[in-house]
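If you want the building blocks of each chain, they are given just below.
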Amino acid sequence: VVRDHCVAYINGGHVFLVDMRNGVTLRISDSAKGNRNAGLTIGGDTSVATVCDETRVYLYQISTQRLTTIGGVPGVKCSNSATDGESVIWYGVCDQTGIYSYDIKTQRYGGRIAEGISYLDIDNGLVVYLKPQGRVCHVYGIFTEPGSEELRISTDIADQGPSVSGNRVVWVKSNVVYCAELDFGKAAVGKPLHQRPDLITLPAVAGHAGDSRIS
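First, a word on what this report is: a plain description of the structure on this page. Small disclaimer: the values here were computed from a predicted structure and weren't measured. (Residues numbered from 1 in each chain as written. Predicted model: local features only at pLDDT ≥ 70, side-chain atom pairs only at ≥ 80, totals over all residues. Heavy atoms only, no water.)

1. Here's the deal with the overall build of the protein
When helices and strands are counted, the protein shows zero helices and 20 strands. Per-residue burial for the protein yields a buried fraction of 43% across its 215 residues. Relative to all contacts within the protein whose residues are 6 or more apart in sequence, the contacts with residues 24 or more apart total 32%. (Helix = DSSP H or I, 4+ residues; strand = E, 2+ residues; numbered from the N terminus. Buried < 20%, exposed > 50% of the residue type's maximum accessible area, 1.4 Å probe, protein only. Contact = heavy atoms within 4.5 Å.)

The following block contains the structure:
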């Protein structure tokens with residue numbers, strides 16, 4: 001994964017960070033543990049990865065080269081972590097399975113914030129995820145701020161994803177990539193734009209309607 005001048009990758013069971021400005025490579029994972037490639041992300045001044053024992057999430061501050069761990073609760077398996085540099089989110093499997101959060105600045109746990117599953121992402125405090133409804137899943141979103149209300153983003157089911165950047169959210173259904181553009185305005189939670197809220201108008205692609213897919 002890449003963010004600004006930093007690249008993070010896994011090799012030989014460990015996480016490495018490359019500073020593209022000077023070419024310096026650092027191993028940022030604990031030398032005693034290998035790491036699973038699940039949720040390796042960079043956000044702001046923070047790199048995040050889940051470890052192989054599935055109970056902890058590594059939090060690495062790039063500027064200070066400080067490595068800390070969050071999680072580690074007995075009986076709780078963590079996977080698919082992500083960060084926007086302000087918060088860390090991950091999928092926790094336990095008695096109350098769902099998405100959990102951690103505030104980096106205050107070093108406080110936000111607890112379980114959503115019922116979603118392990119496909120998740122975060123940017124600017126907006127968490128997006130798949131939420132099961134019966135045998136299918138839809139794309140939902142919620143802000144990490146306490147008291148935020150859950151937002152349904154997709155009007156139809158989703159197979160995988162989603163990913164968020166700014167006010168745009170993308171996901172996949174039946175090998176088609178869909179995109180929603182959110183209008184936050186002054187409200188605490190944004191709402192999808194256009195009459196078909198899980199699509200945005202895009203230039204036409206040969207053989208496909210411009211507002212129905214982007215690949």
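Having put the structure on the table, let's press on.
2. A short note on the nonpolar core
The biggest cluster of nonpolar side chains holds 16 residues, and the ones touching the most others in it are Leu-126, Val-128, Val-139, Ile-153, Val-169, Trp-171 and Leu-182. Going through the elements one at a time, strand E14 (126-133), strand E15 (136-143), strand E18 (168-173) and strand E19 (176-183) are the ones with two or more residues in this core. For this core, the leading source of residues is E19, giving four residues. By size, the runner-up hydrophobic cluster in this structure holds twelve residues, among which are Ile-113, Ala-114, Val-127 and Tyr-129. (Core = buried A, V, L, I, M, F, W, Y, C linked by side-chain atoms within 4.5 Å.)

3. Description of the sheet that holds strand E13 (residues 120-123)
Spatially, E13-E14-E15-E16 is the arrangement adopted by the four strands of the open sheet, whose pairing is antiparallel. Both edges of this open sheet fall to E13 and strand E16 (151-152), since each of them pairs with a single strand only. (Pairing = 2+ DSSP bridges.)

4. Looking at the sheet that holds strand E2 (residues 6-11)
Taken together, four strands build an open sheet; the order of strands is E1-E2-E3-E4 and the sheet is antiparallel. Each edge of the open sheet carries a strand with a single partner, namely strand E1 (2-3) and strand E4 (24-27). Sheet topology note: the strand E3 (residues 14-19)/E4 ladder contains four bridges and is antiparallel. The partner of Val-18 across the bridge, within E4, is Thr-25.

5. Remarks on the pattern of salt bridges
What the rule picks out here adds up to four salt bridges. Measuring nitrogen to oxygen at the nearest pair gives 2.5 Å for the salt bridge that ties Asp-156 to Lys-173. You can see Asp-156 sitting in the loop between E16 and strand E17 (160-165) and its partner Lys-173 sitting in strand E18, a full 17 residues away along the chain. (Salt bridge = Lys/Arg side-chain N within 4 Å of Asp/Glu carboxyl O.)

6. Describing the environment of Glu-115
Locating Glu-115 in the fold gives a position in the loop between strand E12 (108-114) and E13. In this structure Glu-115 comes out as partly exposed when scored by relative accessible area, which is 42%. Between the C-alpha atom of Glu-115 and that of Gly-98, which follows or precedes it by 17 residues, the distance is 4.5 Å.

7. Points about the environment of Val-18
Relative to the elements of secondary structure, Val-18 occurs in strand E3. Distance from Val-18 to Val-2, taken between C-alpha atoms, is 9.4 Å for residues 16 residues apart in sequence. In this structure Val-18 touches His-5, Cys-6, Val-7, Tyr-9, Val-24 and Thr-25, once residues within four positions along its chain are discounted.

8. Some words on unusual backbone geometry
The step from Gly-161 to Pro-162 runs through a cis peptide bond, and the omega angle for that step is 5°. With respect to the element layout, Pro-162 can be found in strand E17. A positive phi angle, near 55°, is found at Asp-4, a position not held by glycine. For Asp-4, a relative accessible area of 68% corresponds to the exposed category. At Gln-107, a position not held by glycine, the phi torsion is positive, near 60°. Structurally, Gln-107 is set in the loop between strand E11 (98-103) and E12.

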